Each structure stands twice: as C-alpha cells, then as structure tokens.
Amino acid sequence: MFPAFLATVLFSVSVIFANRATRVLGGTAANFVRLCLGALLLAAWSHLFGQGLGGDAFGWFFVSGCVGFGLGDLALYQALPRIGPRLTVLLMQCLAAPFAALTEWLWIGTVLTPAQIGAGAVILAGVSLAVAPQDHARVPRSALALGVAFGVAAALGQGLGAVISRKAYVVVAAHGQSVDGLTAAYQRILGGVLFAAPFFGWIVRRERREAAEGGAGPGFLARLREARWSVVINTLSGPSVGVGCYQWALATAPSGVVLPIVAAMPIVVVPFAWFFEGDRPSARSLLGGLIAVAGAVALARAS
C-alpha cells in the first residue's frame, strides 16, 4: 500500500506545480514542455531497460497517448488556470472512472453492474455539489463554466485513454508479449507530444507575431527559465516517478487495493492547494468532494 499512497501524493504535487507552471508559461506551453521532458526521461528507461518502441501494441499505446496525454492533458492545462488545481483534479479524477466504464461497456462490451452504476451516480452527485457556482464567488461565472467544461474534457480524455490502453494490453496478451509500465507510458507519451506539438507551434507563432508588432511580454525562453523548477517537479512527480510508484504499487498489490487509494487524490490535493495556492475549500465544496471520492472508491472496488 505504501507505493500507492506515494503515487497519490506525487500525483497531487504534480498538479499543484502544473498550476504554477501554467501561470508563467500558459497552459498549452506548460503542457508541451512537461510532455517533452517526460518523454526524454521515459525514453532513457525504455530504451535502456525496457522494450523501447517494440511490441505489437505500440499503435494502440500511441493512440491512447494522443487521447489521454494529448486531448486530456491539453484540456487539463486549460482548466487549471480557470478553476484551480483542487476542482480540476476533482473533475478529472472522479469523472474519468465512469467515463471509462461507460466507454468500455459500449466498445468492448464489459457489462456494468448495478454497483458500478450506483457508484457512478454517487460520483456525479458529489461533483455537482462541489462545483456549485455559489461556492466559488472568486471565480467569474463564465470562467467557472469554461473551466468546468475543460475539466470534464480532461476526464473524458483520461477515461478514453485508459480504455484504449486496456485494448493495447489485450493485444499484448494475444501475442504472448509483455510490456513494463514505464515502456507503456513512454509509447503513450509520444502520442501526447505529437498531439500537443501543433498547438504549441501555434502559440509560438502568435508570440512571434506579437513581438514583431511590439506588443509581446517576456519571451518564451525567459518565462521557461522562471518556471523551470515548477516544470521539473511537475514532470518528476507526474509521468516519471509518480507513474513508477503507481506501477510499483500494481506489481505488489491487487488493483482492488491500489485504485481506491489513488481515487482519493482529489482529497489529498486539498491541503496542498490550500498551502501552496491559498485555495481554501468551502464546507459544501469539501462535502461534495468527499462524496465524489467515496463514489470513485466504490467504483474502483466494484470494477
């Protein structure tokens, strides 16, 4: 259980420093830089100790990365500056599970049990309570609505990416192969880099155009130097060391033990968001978060 708790804490820290990097670099640039650095670190492991780009499931892992690391994280980094890390994590972490369960039912045919449907309903009720507009007076309604929409999109990307990864592991098993967790993460993150690159290129071109017109602020490299430690901590605690601890947990304990612990991430992130960002939750928001996490834990145990 220790590596599962460690992974949960690291993932929570990753989101806090992702929020800090986003404030300096902007969401699109912060996401792309994090993906590139993560890809380099995972490539070092995968090509030295793992399977590199090998295996018959590479295409599925790559597509999973386009959806999860690409679409999901692109939306995540747009939600963070609008509604903060606490609400973003709540939306992403708790809604991803029912999205994944529904997608797997529609695509692969995995039947949803009454317990899973009930847990999904509890999650939706808790999230609805937690994101009620009257509990976030500091956030304009338009920004709150857009941030929630991006948070839901992030959850959808994460859930769909997880289902596609499951399809990849089916292909791995069908061909009598094995892929370690960090190699799978490497093959996935490459899809995320490719998906995010055009958006980052558009941002760079826009900043160059603004600089030519004399209206730009500090350049990208200057902002990157300012945010470098936030980017490094975000990358290490997320797709690198965080993922490593998550895979360590799954290798030493049943998923029925690991997943409910990781599902508590929206609660674990609350004290970090309060300490680092001054984001103090209201009683209603905290109650909604607890209900949503309870539903996520129940769904993980029922899966």
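Just so it is clear, the model here is predicted, and its values are computed rather than measured.

J.: Could you give me a rundown of helix α3 (residues 58-107), with the residues and numbers involved?
T.: Its 50 residues place the ends of α3 only 20 Å apart at the C-alpha level, less than the 74 Å of an ideal helix rising 1.5 Å per residue. The largest bend in α3 comes to about 120 degrees, at Gly84, with the proline Pro85 one to four residues further on. Burial runs high along α3: 36 of the 50 residues are buried. Gly109 sits one or two positions beyond α3 and adopts a positive phi of about 90 degrees.

J.: Describe the confidence of the model for the protein chain, with residues and values.
T.: Regions with low pLDDT should not have their predicted coordinates read in detail. Residue-level pLDDT values for the protein chain average 83, and 92% of them are 70 or greater. Element-level mean pLDDT values for the protein chain span from 66 in helix α8 (residues 255-262) up to 92 in helix α2 (residues 27-49).

J.: Describe in detail the packing of α3 against helix α4 (residues 114-130), supporting the description with residues and values.
T.: To characterise two packed helices, one gives the angle between the axes of the helices and the distance between these axes. Between α3 and α4, whose axes approach to 9 Å, the crossing angle comes to 160 degrees. The pairing of α3 with α4 is recorded here as roughly antiparallel in orientation. Viewed along their axes, α3 and α4 form a crossing whose handedness is left-handed. Here Leu87, Leu90, Leu91, Cys94, Leu95 and Pro98 of α3 lie close against α4, whose contacting residues are Gly120, Ile123, Leu124, Val127 and Ala130.

J.: Break down the packing of aromatic side chains for me, citing the residues and quoting the values.
T.: One pass over the structure, following the stated rule, counts seven aromatic pairs. A centroid spacing of 5.8 Å and a plane angle of 40 degrees characterise the contact between Phe58 and Phe62, whose relative ring orientation is tilted. Taken as a pair, Phe58 and Phe62 lie in helix α3 at a separation of four residues, close to a single helical turn. Classification of Phe58 as partly exposed rests on a relative accessible area of 25%. Here the aromatic cluster, defined as three or more aromatic residues joined through ring pairs, consists of Phe17, Phe275 and Phe276.

The rules we used
Residues numbered from 1 in each chain as written. Predicted model: local features only at pLDDT ≥ 70, side-chain atom pairs only at ≥ 80, totals over all residues. Heavy atoms only, no water. Helix = DSSP H or I, 4+ residues; strand = E, 2+ residues; numbered from the N terminus. Expected span 1.5 Å × (residues − 1). Bend = angle between axes of the 7 residues up to and from the residue. Buried < 20%, exposed > 50% of the residue type's maximum accessible area, 1.4 Å probe, protein only. pLDDT = per-residue confidence, 0-100. Axes fitted to C-alpha atoms, helices over the stretch in contact; angles between N-to-C directions. Parallel < 35°, antiparallel > 145°, perpendicular 65-115°, else oblique. Left-handed = near helix turned anticlockwise from the far one by under 90°. Contact = heavy atoms within 4.5 Å. Phe/Tyr/Trp six-rings, centres within 6.5 Å; stacked < 30°, edge-to-face > 60°.

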